[in-house]
Amino acid sequence: MRDRVVITGMGVVSALGIGAEANCAALLRGESGVRTVRYLPTEHREFPVGEVPMSGEELLERLALPAGVYSRTHLLGVLALKEALEQSKLLQQSGLALISGTTVGGMDVTEHYFPEPQTTGRDIHDCGASTNEIVDYFDCFDYTMTSSTACSSAMNALIMGKLLIESGERDIVVAGGAEALSLFHLNGFKSLMILDTQRCRPFDKTRSGLNLGEGAAYLVLERESPALKRGAEILGVLSGVGNGCDAFHQTASSENGEGAYLAMTQALAEAGLTSSDISYVNAHGTGTPNNDASESAALRRVFGGNVPPVSSTKSYTGHTTSASGSIEAVFCLLAMRNGFLPTQTEFETADEQCITPVSGSECPRGELRHVMCNAFGFGGNDSSIILSRYE
Amino acid sequence: MTAIVKDVPAEEYNRYLPPMKARRMGKLQKRALVTALKAMEISGTDQPDAILNGTAMGCMEHSVQLLKGLEQEGEAVNMPTAFMQSTHNTVASLIAIHTCNHGYNNTYAHRTISFECALQDAWLQLRTGRLRTALVSANDEITEFQHQHPHFFGQMEYADRSEAWMLSVEPGDHPLYELENVRIIHQKGAEDRAEIIKKPL
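Note that the coordinates shown come from a computational prediction; the quantities given were computed from them, not determined experimentally.

The rules we used
Residue positions are given per chain, counted from 1 along the sequence in the order it is written. Naming scheme: in the order in which they are written, chains are lettered from A and ligands are numbered from 1. Per-residue local features are limited, in this predicted model, to residues with pLDDT of at least 70; the limit for side-chain atom pairs, both in listing and counting, is 80 or more; totals at the level of whole chains, interfaces and linings are taken over all residues. Where side-chain values are given, they derive from all heavy atoms of the structure, hydrogens and water being excluded. Starting at the N terminus, helices and strands are each numbered in turn, a helix being any DSSP run of H or I of at least four residues and a strand any DSSP run of E of at least two. Radius of gyration: over C-alpha atoms. The globule rule applied is 2.2 Å multiplied by the number of residues raised to the 0.38 power. Residue contacts are counted whenever heavy atoms from the two residues lie within 4.5 Å of one another. Note on areas: Shrake-Rupley, 1.4 Å probe, and residue coverage restricted to the protein chains presented here. In this tally Asp and Glu are treated as negative and Lys and Arg as positive; neither His nor the chain ends contributes. Charge positions come from single atoms, namely NZ of Lys, CZ of Arg, CG of Asp or CD of Glu. Note: buried area is the sum, over both parts, of the accessible area (probe 1.4 Å) each one loses when the two are combined. The rule for a salt bridge is simple: a side-chain nitrogen of Lys or Arg has to be within 4 Å of a carboxyl oxygen of Asp or Glu. Under this definition, polar contacts are N or O atom pairs within 3.5 Å; protein pairs additionally need one hydrogen-donor-capable and one acceptor-capable atom, and for neighbouring residues in sequence, both atoms have to be side-chain atoms. Residues are grouped as follows: Ala, Val, Leu, Ile, Met, Phe, Trp, Tyr, Cys and Pro are nonpolar; Asp, Glu, Lys and Arg are charged; every other residue, Gly included, is polar. Cavity and pocket criteria rest on a 1 Å grid covering protein atoms alone: a 1.4 Å probe that fits but cannot get out defines a cavity, protein on both sides within 12 Å along at least 5 of 7 lines defines an open pocket, and an atom within 4 Å of a point defines a lining residue. Grid points are joined across faces, edges and corners, and a volume is the space filled by probe spheres set on the points. Burial here depends on accessible area, computed with a 1.4 Å probe over protein chains only, as a share of the maximum for the residue type. Under 20% is buried, over 50% is exposed, and the range in between is partly exposed.

Engineer: Can you walk me through the overall build of chain A in this structure?
Structural biologist: Tallying secondary structure elements over chain A gives 12 helices and 11 strands in all. Against the globule reference of 21 Å for 391 residues, chain A gives a C-alpha radius of gyration of 19 Å, in line with a compact fold. In terms of its C-alpha atoms, chain A occupies a principal-axis envelope of roughly 55 × 55 × 40 Å. Considering only contacts in chain A between residues 6 or more positions apart, those separated by 24 or more positions represent 78%. Carbon and sulfur atoms make up 48% of the accessible area of chain A, which totals about 12,300 Å². Between the mean site of the 28 positive side-chain charges and the mean site of the 46 negative ones, chain A shows a separation of 5 Å.

This is how it looks when you write it as structure tokens:
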């Protein structure tokens, strides 16, 4: 059998906490991390957000970094990457590749100083500098790259990671993304009038927008046989990926969800699966009227009358923008490994335009073999991946 | 490679883009789109299997606009268009929207080797049979604000440019180069390096 691309490590930081264990426990408890703003210096306290529950100082202390100017994106990224490398026992390894997704990189620092430059002597602002700040906390990497497709950035990093392994370029690629909250993002999304003043309610008839979140997550992708040879624990398989462009509008999704449909069907084809093999879909499900209707239309086109259980975990974390693709991929692995379906606690009223998500206070238990995870970005950059149990 | 196009001059824009449409676009978006369209025309590939873009800093005109808005108006700022056009993937999406292209679409923003990252993605997909054709572009702009404050966003030196390459697994009538390899190297404490190895045909 052909060598598969397996996952041997994961690290995650979100509003649900630091680390996979804390995130999994909060999902199982049905406890959202979206609340009134604490750390972002914004006047817009009316918009609840999914902030990582640690101040900048606490993050620095936890990472034993000296006082100085750091982007929160950098700190969140290091925390998640460290966990992933520790789990896969690669912290002492050199010659690894990393692909990271981000959109505003070090914007939280830039906007603080604007129009006076920050004078640390380090480049912090641009996406590539942001990735390399995260990477150079470690001594592991001799290849780095940054994908930037708005809210599908981290998922496109995973897709490129799989390609690097399958084309024979690399045996191990760490991929994911990081993004911190910024005034730039909050006021940008506010300008688009798509922020909800309540907790977001994806696929609900009363949904009226998204909550912004922040966080980071990385997955260690490995070629199967060398991973087995070095005795790595295999957490799952990245069995299929898809990337399609909606080619409709810079910020709105098409009515029939063409880009999303293409991404999902490509992922199924690459995994060699049919739609009935999928036991759960972690939807992009932002909570905006447009996204959820469009994604539902695409899901109905892909799955016909048999749409599997679907939920959006954005009511737990907020929309973690560039990082959402890898954060939610970690959630899918946690759901698969612990045998549960993440439930949407905020859901009340079904909408005929939308699929009806898994809801209620308890996460239904069950065996998941193949799960699909979606991430869509502005510009119609739609991506989808399938994660499978390692068997 | 079946076409390489650099910085199409403004006088030629009319050939590719109706003025009505062009008026609503930023300077970089216009130049990027026209450069891509010309590469499609020269190569005779109007629907490539993939559109990829590399950009060191993204759409700076609109990013600076929103940053200035935040500085001057505080959080009363309301700039949906600037925000919408500020994301790095605006250019690759714009090319896809304009040409109704639903294929693979990706954007890399990795400092001075952003184009090489996009090129490596396309090249690996062409080599492994996932794609038959790919449009790979490089697009960056340096705004008036950056000319006045040269190191505000960092020390990185990058060019104000639009460039588009069409890659194909079939040489066609006028092949220019054969792409042999794209290498990317990261070394802690140094600027990332990349190498494009190509052979003239």
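Engineer: What am I meant to see in the environment of Ala329 of chain A here?
Structural biologist: With respect to the helices, strands and loops of the structure, Ala329 of chain A is situated in helix α12 (residues 324–338). Separated by 111 residues in the primary sequence, Ala329 of chain A and Tyr218 of chain A have C-alpha atoms spaced 9.2 Å apart.

Engineer: Would you mind showing me how to read the interface of chain A and chain B here?
Structural biologist: Think of interface size as the accessible area that goes away when the parts come together; that is how it is often given. Contact with chain A, which involves 67 residues of that partner, is made by 60 residues of chain B. Both faces considered, chain A and chain B share a buried interface measuring about 5,300 Å² in area, 59% of it formed by carbon and sulfur atoms. It is Phe114, Phe184 and Gln250 of chain A in chain A that bury the most area against chain B; as a group they hold 14% of the surface buried on that side. A salt bridge links Asp123 of chain A to Arg111 of chain B; its shortest N-O distance comes to 3.1 Å. The tally of links between chain A and chain B comes to 35 residue pairs in polar contact (both at pLDDT 80 or more). Contributions of two or more residues to the side of chain A that touches chain B are made by α4 (107–113), α5 (127–135), β4 (141–147), α6 (153–166), α7 (183–191), β7 (236–245) and α9 (258–271) of chain A. Looking at which element gives the most residues to the side of chain A that touches chain B, the answer is α7 of chain A, with nine residues. Split into classes, the residues belonging to the side of chain A that touches chain B amount to 28 nonpolar, 26 polar and 13 charged.

Engineer: Before we go on, may I ask you to explain empty space enclosed by the protein in this structure?
Structural biologist: Rolled over the atoms, a probe with the dimensions of a water molecule shows which regions are left empty. Summed over all chains, the structure comprises five cavities of 30 Å³ or more. When its volume is computed, the largest cavity comes out at roughly 140 Å³. Looking at the largest cavity, it is lined by 17 residues, and the ones nearest its centre are Thr103, Val104 and Met107 of chain A together with Ser63 and His88 of chain B. Elements supplying a minimum of two residues to the lining of the largest cavity: α7 of chain A together with α4 (60–73) and α5 (80–86) of chain B. In this structure, the second largest cavity spans a volume of roughly 80 Å³. Taken together, Gly106, Val109, Thr110, Tyr113, Glu116, Pro117, Gln118, Ile124 and His125 of chain A together with Phe152 and Phe153 of chain B make up the lining of the second largest cavity. Per-class residue counts for the lining of the second largest cavity are six nonpolar, four polar and one charged.

Engineer: I tried to follow the pattern of salt bridges on my own but got confused; where do I start?
Structural biologist: It is possible for side chains of opposite charge to pair when their charged atoms get near one another. Evaluated as defined, the whole model comprises 35 salt bridges over all chains. With its nearest N and O atoms 3.2 Å apart, the salt bridge here joins Glu169 of chain A to Arg127 of chain B. Placement of the pair is Glu169 of chain A in the loop between α6 and β5 (172–179) and Arg127 of chain B in helix α7 (residues 114–127), with the two residues belonging to separate chains. The class for Arg127 of chain B is partly exposed, based on a relative accessible area of 41%. Residue Asp292 of chain A pairs with Arg207 of chain A through a salt bridge whose shortest N-O separation is 3.7 Å. Residue Asp292 of chain A is found in helix α10 (residues 289–303), and its partner Arg207 of chain A is found in the loop between α7 and β6 (215–223); the two are separated by 85 residues along the sequence. Note on accessibility: Asp292 of chain A and Arg207 of chain A belong to one class, buried. One salt-bridge network, in which partners are shared between bridges, spans Arg2, Lys162, Glu166 and Glu270 of chain A together with Arg130 of chain B.

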